[in-house]
Amino acid sequence: MQQTPAARPSPHSEAALGAAAAGLGYLLWGVSVIFYKQLVEVPPFEVLAHRSVWSVVLVLAVILLLRRGPELLTLFRDRRTMLTLVGTALLIGSNWFVFIYSINEQRILETSLGYYINPLMSVLLGVAFLGERLSRPQIFAVALAFVGVLYFTVALGTLPWISLYLAITFAAYGYLRKVTKTGPLEGLFVEVAVLLPLALAYLWWLSGHGGTSLANQGWHIWMFLVLTGPMTAVPLLLFTFGAQRIRLATLGLMQYLAPTTQFFVAVFLYGEPLMPAQIVTFGLIWIGLGIFSADTWRRERELRRLAALANRG
């Protein structure tokens, strides 16, 4: 008896599945502040070291499970790409450290602000290095963000360095990964593998100077340190799965889910004070992002309309 071939998922169901995966990935990035809040007793450098170690273990296991070994070996032979990934490893490693530090210092609102600014930083990098041009609404959106940061600096007398560092390093990381032809899984493995010797050296040094938190703290700290691996890799894999199945404009709008979650967690769960200067700054950036997103959506719809007309012709 001849078997009927399995029906392929419809484009609509694929898009729905992709949106669910990307949304879950962004949500996990947002609530990760709650996860890392459980490790405030552990120094940020040690959390970063464990994050690198357990990420290597998990990502290597996934590569072996998916039989992506040949792709990884091919990547190792590409010297130029490997050199770029060393740079992205240092960028994302320092980004992770500042993120963990901000949580330990009860400055989650600044991390939220940083990831709101990040898309606009990415736009500026596209203009500077990829020859992209900004529309008038996009120029206005970037200007609003600049005014917001300037107001914050003048009103509070301090530069929001956490926000700016997170935004700049993640935007630079995204740009370099965009121009690097490598799979997200293999690229992530190389990045955490680059950080691994530094992480192991630091943990070895700690073991001879009072011991690591993994050895001295209770089982719950041990559990959370080990889980830093999944908390690093799983959101990225979900994001990658979703990005391959939904439109770029939809993905761009969904990225605000992470900083919005962080914002509400900081204010309503941990009671971080929301000062007038921060309200003005967030307000200006939210308005800028709204204008930027609306313009991006409009431009993509126009491109799709023109493409449809060309296909009919």
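See the structure printed just above.
Residues numbered from 1 in each chain as written. Predicted model: local features only at pLDDT ≥ 70, side-chain atom pairs only at ≥ 80, totals over all residues. Heavy atoms only, no water.

### Points about the packing of aromatic side chains
Keep this limit in mind: Ring geometry is summarised as follows: Phe, Tyr and Trp rings, the Trp one being its six-membered ring, pair when their centres sit within 6.5 Å, and such pairs are stacked at plane angles under 30 degrees, edge-to-face over 60 and tilted between the two. Each helix corresponds to a stretch of at least 4 residues labelled H or I by DSSP, and each strand to a stretch of at least 2 residues labelled E; elements are numbered beginning at the N terminus. When a residue's accessible area, from a 1.4 Å probe over protein chains only, is under 20% of the maximum for its type it is buried; when over 50% it is exposed; and in between it is partly exposed.
Taken as a whole and assessed by the stated rule, the structure comprises 22 aromatic pairs. Judged by centre distance (6.0 Å) and plane angle (90°), the ring pair of Tyr36 and Phe99 falls under edge-to-face. Separated by 63 residues along the polypeptide, Tyr36 in helix α1 (residues 11-37) and Phe99 in helix α4 (residues 79-104) bring together distant segments of the chain. With respect to class, Tyr36 is no different from Phe99; both count as buried. Seen in terms of ring centroids, Tyr101 and Trp161 are 6.0 Å apart; in terms of plane orientation they differ by 40°. Their pairing is tilted. Separated by 60 residues along the polypeptide, Tyr101 in helix α4 and Trp161 in helix α7 (residues 161-178) bring together distant segments of the chain. Judged by its relative accessible area of 25%, Tyr101 is partly exposed.

### Examining the environment of Val280
Here Val280 is to be found in helix α14 (residues 276-312). Taking the C-alpha atoms as reference, Val280 lies 7.0 Å from Gly148; in sequence the two are 132 residues apart.

### Points about the environment of Pro184
Among the structural elements, Pro184 can be located in helix α8 (residues 184-207). When the C-alpha atoms of Pro184 and Arg312 are compared, they prove to be 36 Å apart, with 128 residues separating the residues in sequence.

### Let's talk about a nonpolar patch on the surface
Keep this limit in mind: Two distance rules govern patches: like charges are joined within 9 Å, and nonpolar side chains (Val, Leu, Ile, Met, Phe, Trp, Tyr) within 5 Å, applied only to residues with over 30% relative accessible area and no salt bridge. Accessible surface is estimated by sampling points in the Shrake-Rupley manner with a 1.4 Å probe; for residues, cover comes only from the protein chains shown. Basic side-chain nitrogens of Lys or Arg form a salt bridge, by our definition, when they fall within 4 Å of a carboxyl oxygen of Asp or Glu.
A cluster of nonpolar residues, Phe146, Val147, Leu150 and Val154, forms a patch on the protein surface that exposes about 410 Å² of accessible area. Its location among the elements puts Leu150 in helix α6 (residues 136-156).

### Thoughts on helix α2 (residues 44-65)
Rule in force here: Helix span, as expected, comes to 1.5 Å for every residue beyond the first.
Taking 1.5 Å of rise per residue, the 22 residues of α2 would be expected to cover 32 Å, and the 31 Å separating its terminal C-alpha atoms lies within 8% of that figure. Phi for Arg67, located one or two positions after α2, is positive at around 60°.

The values are spatial; any link to function lies outside them.
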